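One-letter residues, chain by chain:
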Amino acid sequence: MRLSVLPYWLPWSDVDPATHPFDAAEALDVVRGLEPAGRAPTRPEWRHVKNWEERSERYQVAIDWSRTVGAEWTDAMTAALVERYGVWASGWRWSHDEGDLGGGPVGHWCCSLHSITTPDETLNRIATSLCEWRDWLEFLARFFDRYPLPDLPAADRHDAWERATQQLILHSLDRTGSGDAWYAHCRRVLTWFLSRWNVDPDTAYALVEEAIGGRFESWIAPEDTLVTDVAEKLADSLATPPAPDPETLPHHFITARLHWYEDERRTHGR
């Protein structure tokens, strides 16, 4: 999958529902009408084989298939969705835990190994996942608009930043299930919030990264005291935000998958 359409690094301007029309009622028809839908594959089956050795062999065949045929077709569907809707649609497969992209808010899609089944089921699952992703973006847009920070008096702004940050962390925990690399999506959500209210995106990322300080971990929901501390630190830092330094922006990823994407990000200069 091309790095340019991965949702990890998309700015809020690329995912803001206000500037990217979408009709959920038409999603399934749109998905079924895309070119890759006409060649949707069927996954090799292994789960109903009773003989243990044969089942193991078939499972390995399915794994190999998912990494080649399944992955290539899923990438083609993503490219088609991006062409139809815009780059925001690449997040349809930003799944929970250790899915295709991992650490994301989408629960209806896992990966090509487990989510590609029969063509009809797979296309329905993609449309549902796309709508789930869009629903999350629309929720975030509504939430962001509840905190018009530039319009607040200076005396109220700090408390508003803190309350909003705390709630966004909890919403991110809820949507991702606090599984593998959930904090990467949480970090993106907080960066989107700041940039929605005119904080420079690079500065926003640096502030969020500094406030979290590598203290969020995979598979662990942080204690309330930690969530509060992160919210307080971020609110405090917004009073005098530092200028971003592209050479030193920290990226503390724990999972090997996200290390790989960060290496790709540096390689491609994104």
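About the cut-offs
- Residues numbered from 1 in each chain as written.
- Predicted model: local features only at pLDDT ≥ 70, side-chain atom pairs only at ≥ 80, totals over all residues.
- Heavy atoms only, no water.
- Helix = DSSP H or I, 4+ residues; strand = E, 2+ residues; numbered from the N terminus.
- Expected span 1.5 Å × (residues − 1).
- Buried < 20%, exposed > 50% of the residue type's maximum accessible area, 1.4 Å probe, protein only.
- Core = buried A, V, L, I, M, F, W, Y, C linked by side-chain atoms within 4.5 Å.
- Contact = heavy atoms within 4.5 Å.
- Axes fitted to C-alpha atoms, helices over the stretch in contact; angles between N-to-C directions.
- Parallel < 35°, antiparallel > 145°, perpendicular 65-115°, else oblique.
- Left-handed = near helix turned anticlockwise from the far one by under 90°.
- Nonpolar A, V, L, I, M, F, W, Y, C, P; charged D, E, K, R; others polar.
- Salt bridge = Lys/Arg side-chain N within 4 Å of Asp/Glu carboxyl O.

A. Up close: helix H7 (residues 182-196). For H7, with 15 residues, the first-to-last C-alpha span of 21 Å sits near the 21 Å given by 1.5 Å per residue. Of all the 15 residues making up H7, 14 are buried; the element is thus mostly covered by neighbouring parts of the structure. Downstream of H7 by one or two residues, Asn198 has phi in the positive range, about 70°.

B. Representation of the nonpolar core in the model. Counting residues in each nonpolar core, the largest one holds 71 residues, and the members touching the most others are Leu81, Trp88, Phe144, Trp192, Phe193, Leu194 and Phe216. Of all elements in the fold, only helix H1 (12-15), helix H2 (27-33), helix H3 (52-85), helix H5 (119-145), helix H6 (154-176), H7, helix H8 (201-212) and helix H9 (224-237) reach the threshold of two or more residues within this core. Looking at which element gives the most residues to this core, the answer is H5, with 11 residues. Sequence-distant contacts of Leu81, defined by excluding residues within four places in its chain, comprise Val31, Leu34, Gly86, Ala89, Trp92, Ile126 and Leu130. Listed in part, the five residues of the second largest apolar core include Trp46, Ala62, Cys111 and Leu113.

C. Molecular detail of the packing of H7 against H8. Between H7 and H8, the least distance of the axes is 9 Å, while the angle of their chain directions is 135°. In terms of axis orientation, H7 runs oblique to H8. Crossing hand, H7 versus H8: right-handed. When H7 is examined against H8, the residues Arg187, Arg188, Leu190, Thr191, Leu194 and Ser195 are found in contact with a partner set consisting of Pro201, Ala204, Tyr205, Val208, Glu209 and Ile212. Across the contact of H7 with H8, the residue classes break down as seven nonpolar, two polar and three charged.

D. Looking closely at the pattern of salt bridges. Counted under the stated rule, the structure contains 10 salt bridges. As a salt-bridge pair, Glu45 and Arg43 come within 3.4 Å of each other at their nearest N and O atoms. Using a relative accessible area of 31% as the deciding quantity, one classes Glu45 as partly exposed. Linked by salt bridges that have partners in common, Asp75, Arg93 and Asp100 make up one network.

Geometric descriptors of this kind do not, in isolation, establish any biological role.
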